[in-house]
Amino acid sequence: MFKENAVVFLEPKGASLEVIRAAKERGYITIALISDAQFLQKTATAYVGLLKNIDFKFEVHSWSDKNSWRAIWQILRKKYNVSGVFTGMEACVEASAEMLESLSHPVTSPAVWRNVINKYQCRKLLREAGLSNIKSFLSDEILTKSKWPFSGEAYFKPIKGVLSLYVKRCSSLKEVVDAAKLLTDGYPNDGIYLRDFISSGNDFHVEEAVEGELLSVESIIENGSFRSLGLLSRIMFSEDSTVEMGSCFPYPRPDEERIVNLVRNAHKALGITHGATHTEVIVGVDGKIEIIDLNPRFVGADVMRSISLAYGVEISETLLDLAIGKPVTVPSQAKQFSCLQYVIPPSGIKFQSMTFPVSSDIAFVNSFIPPGTILSQIHRQSDYAGCYLVTGSNYNQAIKTSFELRDQVLINENLKGRF
């Protein structure tokens, strides 16, 4: 009996719809497994037109409910010749790995991804490999302390985290207790997926803060071969240093090789042999490098567009090849630089519109908030109103142009954005 070729996408949202388009254009049946329908219902304007490329959708009760997605997977295997699996979401990485194993595709084992997703366990393994010196404590350890166990400030983090949600810079045990209460109470607008994933960690840890510059290494690992796409710089929120507001790609640095080597060694120590990763590091003023987060997925938000524009290729094609087990071509020579700037709107207003600057330097814009939405206590990465992307012939020019355009971004026609 003839079976059509299909690619399965787990919890697709935003830029990952570009990978679905790539699969559709190659003639695959595209199937989406979804636990939180709002991700598609609230698709940003730049990607709404890509929703038509999804052929079939199946509802998953929860990614922590293995019986739910395993049952659907068995049905799909019987009906289709499943050629690959793709996800850009942390909660789906173990499921994706198990599915790829059943297809006999190259894959990082589910057990390895389980260790990576657990932020405390990942830190512990990096320390044991001699690749990290950051001190950290689980909740039951730090809450029994009679005095602050760090020489300086520290970060409160959920064991399973995403979008820097609930991350809090603390300098006392009281602040840790307050952050823990907020994590337990949750934010009302978190949504099903975010809350389910964060709460599935069922714990938090606190690790010492490392002072320096935040950046990341974007990587493709194929059959044990680690390749860096390049460094990604950061633009941080002026009102909260834990909130990322943008980035520039590629980020040229004289110490790039040293940074990439640390990340490469971390992947080897953790057992990551196949997939795309987004590794955040801090380079201290003393030149020391610390990995502060290793994400088992391609870089999120709209950075896929940044990397594609910088290299003059569609990186979604590379990610599709990786998902279906085909040899991967990783671009290495950037043609230009991409600076991506997000905008947080004012609090306490009814959002109606967002107006972007008119400039030939802007190559991409996106908006996220439906008109009529009441905005309150807006200050997190999940609260962006939209973004614009500037390209330039060099790194400094791209950033300078992007910053100069900030004042021309308007909310409701007459309000300035927050950066």
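Residues numbered from 1 in each chain as written. Predicted model: local features only at pLDDT ≥ 70, side-chain atom pairs only at ≥ 80, totals over all residues. Heavy atoms only, no water.

Colleague: Just give me the short version of the packing of helix α11 (residues 303-311) against helix α12 (residues 315-324), but keep the residues and values in it.
Modeller: In the contact formed by α11 and α12, the axes pass within 8 Å of each other and the chain directions differ by 110°. With respect to α12, the element α11 is oriented roughly perpendicular. Where α11 approaches α12, its residues Met-304, Ile-307 and Ser-308 are matched on the opposing element by Ile-315, Ser-316 and Leu-319. Here the contact of α11 with α12 is built from residues that sort into 4 nonpolar, 2 polar and no charged. (Axes fitted to C-alpha atoms, helices over the stretch in contact; angles between N-to-C directions. Helix = DSSP H or I, 4+ residues; strand = E, 2+ residues; numbered from the N terminus. Parallel < 35°, antiparallel > 145°, perpendicular 65-115°, else oblique. Contact = heavy atoms within 4.5 Å. Nonpolar A, V, L, I, M, F, W, Y, C, P; charged D, E, K, R; others polar.)

Colleague: So what's going on with α12? Residues and values would help.
Modeller: The element α12 is largely enclosed, with a buried count of 9 among its 10 residues. Here α12 has its buried residues at Ile-315, Ser-316, Thr-318, Leu-319, Leu-320, Asp-321, Leu-322, Ala-323 and Ile-324. Immediately downstream of α12, the backbone of Gly-325 shows phi near 80°, a positive value. (Buried < 20%, exposed > 50% of the residue type's maximum accessible area, 1.4 Å probe, protein only.)

Colleague: Requested: an account of unusual backbone geometry, with residues and values cited.
Modeller: Residue Pro-250 follows Phe-249 across a cis peptide bond; omega there is -10°. Even without a glycine there, the phi angle at Ala-301 is positive, about 55°. Residue class for Ala-301 comes out partly exposed when judged on its relative accessible area of 48%. Phi is positive for Glu-413, close to 75°, though the residue is something other than glycine. Within the fold, Glu-413 resides in the loop between β21 (410-411) and β22 (415-416). The exposure class of Glu-413 is exposed, given its relative accessible area of 62%.

Colleague: How would you summarise the pattern of salt bridges if you had to cite specific residues and measurements?
Modeller: With the rule as written, the count across this model stands at 25 salt bridges. For Glu-211, the salt bridge is made with Arg-169, and the minimal N-O distance between the two is 2.4 Å. Taken as a pair, Glu-211 in the loop between β8 (204-208) and β9 (213-222) and Arg-169 in strand β7 (residues 168-170) lie far apart in primary sequence, 42 residues in all. We note a salt bridge from Arg-253 to Asp-255, for which the minimum N-O separation is 2.8 Å. Residue Arg-253 shares its accessibility class with Asp-255, and that shared class is buried. Several salt bridges share partner residues, and in doing so they unite Glu-18, Arg-21, Arg-305 and Glu-314 into one network. (Salt bridge = Lys/Arg side-chain N within 4 Å of Asp/Glu carboxyl O.)

Colleague: Just give me the short version of the sheet that holds β21, but keep the residues and values in it.
Modeller: Taken together, 3 strands build an open sheet; the order of strands is β17-β21-β22 and the sheet is antiparallel. Because the sheet does not close on itself, it has two edges, and the strands there are β17 (354-355) and β22. When β17 meets β21, the two strands line up antiparallel, connected through 2 bridges. Within the sheet, the bridge partner assigned to Met-354 lies in β21 and is Ile-411. (Pairing = 2+ DSSP bridges.)

Colleague: Account for empty space enclosed by the protein, naming residues and giving values.
Modeller: Across all of its chains, the model carries 2 cavities of 30 Å³ or more by this definition. By volume, the largest cavity is sized at about 270 Å³. Thr-87, Ser-96, Leu-100, Gly-275 and Ala-276 are, among the 20 residues lining the largest cavity, the residues nearest its centre. For the lining of the largest cavity, the elements supplying multiple residues, two or more each, are β4 (81-87), α4 (93-102), β13 (275-283) and α12. Ranked by residues supplied to the lining of the largest cavity, first place goes to α4 with 4 residues. (1 Å grid on protein atoms, 1.4 Å probe; cavity = no way out; pocket = protein on both sides within 12 Å on 5 of 7 lines; lining within 4 Å. Points joined across faces, edges and corners; volume = space filled by probe spheres on them.)

Colleague: Please give an account of helix α3 (residues 66-79) that cites residues and values.
Modeller: Spanning 14 residues, α3 covers 20 Å between terminal C-alpha atoms, matching the ideal 20 Å at 1.5 Å per step. For α3, the complete set of buried residues consists of Ser-68, Trp-69, Ile-72, Trp-73 and Leu-76. The buried residues of α3 occupy an angular sector of 120° when the element is viewed end-on, so they sit on one face. Turned more than 90 degrees off the buried face of α3, the exposed positions are Asn-67 and Lys-78. (Expected span 1.5 Å × (residues − 1). Arc of directions from axis to C-beta.)

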